[in-house]
Structure formats: C-alpha cells, structure tokens
Amino acid sequence: VQNDEYWGEFPEKDLDVVLDKYRRGDSAAARARITELGRDDFVFGFARSDFLYGLDIGPGKRVLDIGCGLGVHSFNAARTGAEVYGCDLSSKRAEFCMLRAKSDGVENAHFFHSDILNLPFAAESFDAVVLNGVVEWLGEMNRNKDPRQDQIEGLKSVLRILKPGGTLYIGIENRIAATYLFHATDHNRLKYTTFMPRFLADFVTRRKKGKSYRTYTYAKGGYEKLLRDSGFSNPACFYIAHPGYNLPQYLIPFGDTAALCFVLNSMSIDKGMRGAFVRAIAVLPGMGKITRNFFYSYAMYVKK
C-alpha cells in the first residue's frame, strides 16, 4: 500500500539504527540496542501474548496478526507451530519483523506492509485473526465521515478472510474506564474526551489538536453492537484484561463476578488503606457487576 505510517515502541530514528544493524547481519547488536532502549521484554517477551492461550492455534492452523508492530505476538504465535502472517502499516516495522525472522531462523512467520482493507488473502483462509490495539485506530482511515463506519469496514475485511468457526481476537480500551477520570488520556493525549458525546469530543480535539476525533472506543455494549453491525453473528466472549490488554496479567471472564472479586482481593493484599477499601468494596453484594464495567481494557474473542 502507498500509506506508510510509523508509530512505534520507540522513536523512528532508533528503529533506523536497529534496522541498520540487522541489515548488516549483526542481530546481537540490534537486540542489544533494543535492550538499551528498555524495550527488550516489550519486543521479545512472552507475557504480552498470554491472550494467545484463548485461541485454537498450533500446527496446521493459520494466524493473521494485523498491526503486528515489531512482531511480539506474531513470533509468539509462531512458537505454537501455526503458520503466521503479520502485516503493519509501517514498512519499517514490517521489515524489522522480516529481518528478525530470517536472523532467528523462523520459517513459519511471514510479514508484509499492508493495511486492513488490502489484505492479499483469499476468503475464509485463516483460523484466527489478531487485532491487538488496532480497532480504535481504524477510524483514522478517513474513508467515511463517521469513524465508526471505517471501523466496520475494517472488521468486515477481517470477517471475509476468517474461516467458518475461526476466531477474531480484539484487545482494546474500555471507553468508560475509571482511570480516565484521573490520570489517563485518550489516544490524542487529551483528558475526559472518552466520556464526552462524540460531537463534543470532536470539537475539543479540533480545538486542542487541530484534527478531528476519530479514535473511537466503546463500553462493552458498544463493542457488541459494533461487531454485530460488522457481520459477526456470534456473541463475543468478553474478558477484563488487567492491568491492560498490552500486558494481561489477569484475564477475568466478564460474567464471572466471583472470579473478579477473588482477583480484587488478591490484588489488594499489602496495599494499606487503599487495599482495605478495595477488599471492603469487593465483598458488597452485586458490586462485581458494577465494577467490571470500569476496568481499563477488554480482551474479546468472537467466532465467525
């Protein structure tokens, strides 16, 4: 595709240095540079990909990682023996993955520069598709006046290439997360806009950032409707991803309030007065059904 947009775990100039080392065949120096940048675990670690345990993948399965970035999920999926394909809108990030695969001798992971609307695959050709931190950005394709329609177009493209019975995984923020009331900002680095009506969030973003507000996130019901409107007829299986979908130390079934209360109790041990308050809240009747709606992010699995 002609679009080539860099967004990365570190500045583009640092990736240029890493790529140069890989191109010269010095993969050890390339990895050392990533370690110096403090991103070794982010790029080469395993914990970020724990959501893969919820996918039926392995030898004989085909997986597509859209927006693969520097390939952490693609390479971890490849370890299962599945045939993995990763694409990214940044040609440099796709090249990094290609060079790493060659250097590490990973023959079942393949990478290319593409976007979600130009996937060069036949219909019904994948057992699983990963959209980790991607859906919220689909509105910035700017093909439609309504960013939600851009998101729907992208999800329909995914639906086309999924096999019957295949699974789409989505990791994404919760629009009404409690953390947005305090220190967290939206994808435009602005506070409180996620809670605003879309027209007001658009007005504020135009005034503050000089561009429209197109990085739509939703609450649970909003994601369910978005998936239905995109053609997914089966209900999604929702998990609370804590502390976030990018490092899911806990994946708590949204409907299992007993599990949620257990996790809240476990997390709050040795946390002083704040922990005692959390434990007191957790045991209140019906509190789990309320608090589950305000965690930072969700992990969802939806079958075709």
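Look up: the structure comes first, before these words.
Conventions adopted
Residues numbered from 1 in each chain as written. Predicted model: local features only at pLDDT ≥ 70, side-chain atom pairs only at ≥ 80, totals over all residues. Heavy atoms only, no water. Helix = DSSP H or I, 4+ residues; strand = E, 2+ residues; numbered from the N terminus. Contact = heavy atoms within 4.5 Å. Salt bridge = Lys/Arg side-chain N within 4 Å of Asp/Glu carboxyl O. Buried < 20%, exposed > 50% of the residue type's maximum accessible area, 1.4 Å probe, protein only. Phe/Tyr/Trp six-rings, centres within 6.5 Å; stacked < 30°, edge-to-face > 60°. Lys NZ or Arg CZ within 6 Å of the ring centre and 35° of its normal. Pairing = 2+ DSSP bridges. Axes fitted to C-alpha atoms, helices over the stretch in contact; angles between N-to-C directions.

Locating Thr167 in the fold gives a position in strand E5 (residues 162-173). Those residues in contact with Thr167, other than ones at most four positions away along the chain, are Leu55, Asp127, Ala128, Val129, Leu162, Tyr301, Val302 and Lys303.

Next up on the list: the pattern of salt bridges. A complete count under the given rule lists 21 salt bridges for this structure. Lys92 serves as the salt-bridge partner of Asp16, at 2.8 Å between the closest nitrogen and oxygen. Residue Asp16 is located in helix H1 (residues 12-23), and its partner Lys92 is located in helix H5 (residues 91-104); the two are separated by 76 residues in the primary sequence. A relative accessible area of 31% places Asp16 in the partly exposed class. For Lys92, a relative accessible area of 23% corresponds to the partly exposed category. Among the ionic pairs, Arg24 bridges to Asp20, the shortest N-O distance being 3.1 Å. Taking relative accessible area as the criterion, Arg24 reaches 53% and is therefore assigned exposed.

Inspection of every chain in the model, using the stated rule, returns 15 aromatic pairs. A ring pair is formed by Phe112 and Phe121, whose centres lie 5.5 Å apart and whose planes are at 65°; its orientation type is edge-to-face. Geometrically, the ring pair formed by Phe238 and Tyr298 is edge-to-face, given 5.6 Å between the ring centres and 85° between the ring planes. Here the residue Phe238 occupies a position in strand E6 (residues 237-244), and Tyr298 occupies one in strand E8 (residues 297-303), the gap between them amounting to 60 residues. Counting every residue linked through ring pairs, the aromatic cluster contains Phe51, Tyr169, Tyr239 and Tyr301. A cation over an aromatic ring shows up here: Arg31 above the ring of Phe44, its NZ or CZ 4.0 Å from the ring centre. In this structure, Arg39 packs its charged tip against the face of Phe42, placed 4.2 Å from the ring centre.

Each strand in a sheet pairs with its neighbour through backbone hydrogen bonds, running either in the same direction (parallel) or in the opposite one (antiparallel). Pairing within the open sheet is mixed, and its eight strands lie in the order E3-E2-E1-E4-E5-E8-E6-E7. Looking at the sheet topology across the chains shown, the edges are occupied by strand E3 (109-113) and strand E7 (247-253). Geometrically, the sheet is characterised by an average inter-axis angle of 20° between neighbouring strands, direction not taken into account. In terms of strand pairing, E5 meets E8 through seven bridges, oriented antiparallel. Among the inter-strand pairings, Gly171 is bridged to a residue of E8, identified as Ala299. Here helix H8 (residues 220-229) sits on the sheet and contacts E5, E6 and E8; the angle it forms with E8, its principal contact strand, is near 30°.

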